[in-house]
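# A closer look at the structure
For reference, the chains in residue letters:
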Amino acid sequence: IRARPDCVLGIATGRTMMPVYAKLAALCKQEDLSLARVSSFNLDEYIGGAAGESVSFRSYTLRHLAAATDLPAASVHAPDGAAADVFAEAERYEQAIREAGGIDLQLLGLGRNGHIGFNEPGSSLASRTRVKALSEQTLRANRADLGSPAPSAAITVGLGTILSARSCLVLAVGTAKSAAVAAMVEGPVTARVPASVLQHH
């Protein structure tokens, strides 16, 4: 952000990212760091919920990043999970990322099954933003996060789109993620472990 004040950030959500955004907010307050010219693109969005609902990832970004910094709400972009045609919405969102000049830094969490974004095992390593059904393991993890049933499908930025980012930063916390980290970094590049595609970044 200091090197390029008008950079494009790819935003991940969830518990892992909360301390990251809290630290970024603290830097903005303490060191006059400004996100006023930054644009952000969320990695994914549940299908079926309006953007203003508390479970939406755009709402998460507005609460944990925009409200805590000077990132303009109008600069927070996310797929519209309530769109009448979610397939067309996925294509629109992919085009919006391209028109913004692509992602400068993509933040990524890591699922226990090796997924990044909602690119579940079996995802094409060249995939672009699309509609994706969520695995039972991901649904269980999301229910734990939300405290309520999570939608069973989402619009997600694809693995090919993630690979187009200029830089990627993966965060994984705790021993429960150790096998996924090992498979991502040390295993073969395979659709069974979608994050392994980052070995080619």
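Our structure's up above, just so we're on the same page.
None of these values were measured; they are calculated from a predicted model.

## Some thoughts on the overall build of the protein
Per the secondary structure count, the protein includes 6 helices and 8 strands. For the protein, the N- to C-terminal ordering of α and β elements is β-α-β-β-α-β-α-β-β-α-β-α-β-α. Counting only C-alpha atoms and orienting by the principal axes, one finds that the protein spans roughly 45 × 40 × 35 Å. When burial is assessed residue by residue, the protein has 47% of its 201 residues classed as buried. Both charge centroids of the protein, one from 19 positive and one from 18 negative side chains, sit 5 Å from each other.

## A short note on the packing of aromatic side chains
The geometry of two aromatic rings is summed up by the distance between their centres and the angle between their planes. Scanning all chains against the criterion turns up 5 aromatic pairs. Relative to phenylalanine 118, the ring of tyrosine 46 has its centre 5.8 Å away and its plane inclined at 35°; by these criteria the two rings are tilted. In this pair, tyrosine 46 is assigned in strand β3 (residues 44-46) and phenylalanine 118 in the loop between β5 (105-109) and β6 (130-133), connecting sequence segments 72 residues apart. The buried category is assigned to tyrosine 46, whose relative accessible area is 4%. Cluster of aromatic residues (ring-pair linked, three or more members): Tyr46, Phe57 and Phe118.

## Some thoughts on the sheet that holds β5
Pairing is parallel in the open sheet, where 5 strands are placed in the order β4-β2-β1-β5-β8. Pairing within the sheet leaves two strands with one partner each, and these edge strands are β4 (76-77) and β8 (167-171). Two elements, β5 and β8, share 5 bridges in a ladder whose sense is parallel. Paired with glutamine 106 across the two strands is cysteine 168, which belongs to β8.

## So, unusual backbone geometry
For residues besides glycine, phi is generally negative; the peptide bonds are generally trans as well. One non-glycine residue, aspartate 32, lies in positive phi territory at about 60°. On the secondary structure map, aspartate 32 appears in the loop between α1 (18-31) and β2 (39-42).

## Structural notes on the sheet that holds β6
In spatial order, the strands read β3-β7-β6; together these 3 strands make up an open sheet with antiparallel pairing. Looking at the sheet topology across the chains shown, the edges are occupied by β3 and β6. Along the sheet, successive strands turn relative to each other by an average axial angle of 30°, direction set aside. Direction of pairing for β3 relative to strand β7 (residues 153-156): antiparallel, over a ladder of 3 bridges. Looking across to β7, one finds that tyrosine 46 is bridged to alanine 154.

Cut-off values and rules
- Residues numbered from 1 in each chain as written.
- Predicted model: local features only at pLDDT ≥ 70, side-chain atom pairs only at ≥ 80, totals over all residues.
- Heavy atoms only, no water.
- Helix = DSSP H or I, 4+ residues; strand = E, 2+ residues; numbered from the N terminus.
- Buried < 20%, exposed > 50% of the residue type's maximum accessible area, 1.4 Å probe, protein only.
- Lys, Arg positive; Asp, Glu negative; His and termini not counted.
- Charge placed at Lys NZ, Arg CZ, Asp CG, Glu CD.
- Phe/Tyr/Trp six-rings, centres within 6.5 Å; stacked < 30°, edge-to-face > 60°.
- Pairing = 2+ DSSP bridges.
- Axes fitted to C-alpha atoms, helices over the stretch in contact; angles between N-to-C directions.

Remember, this is a structural readout, not a statement about activity or role.
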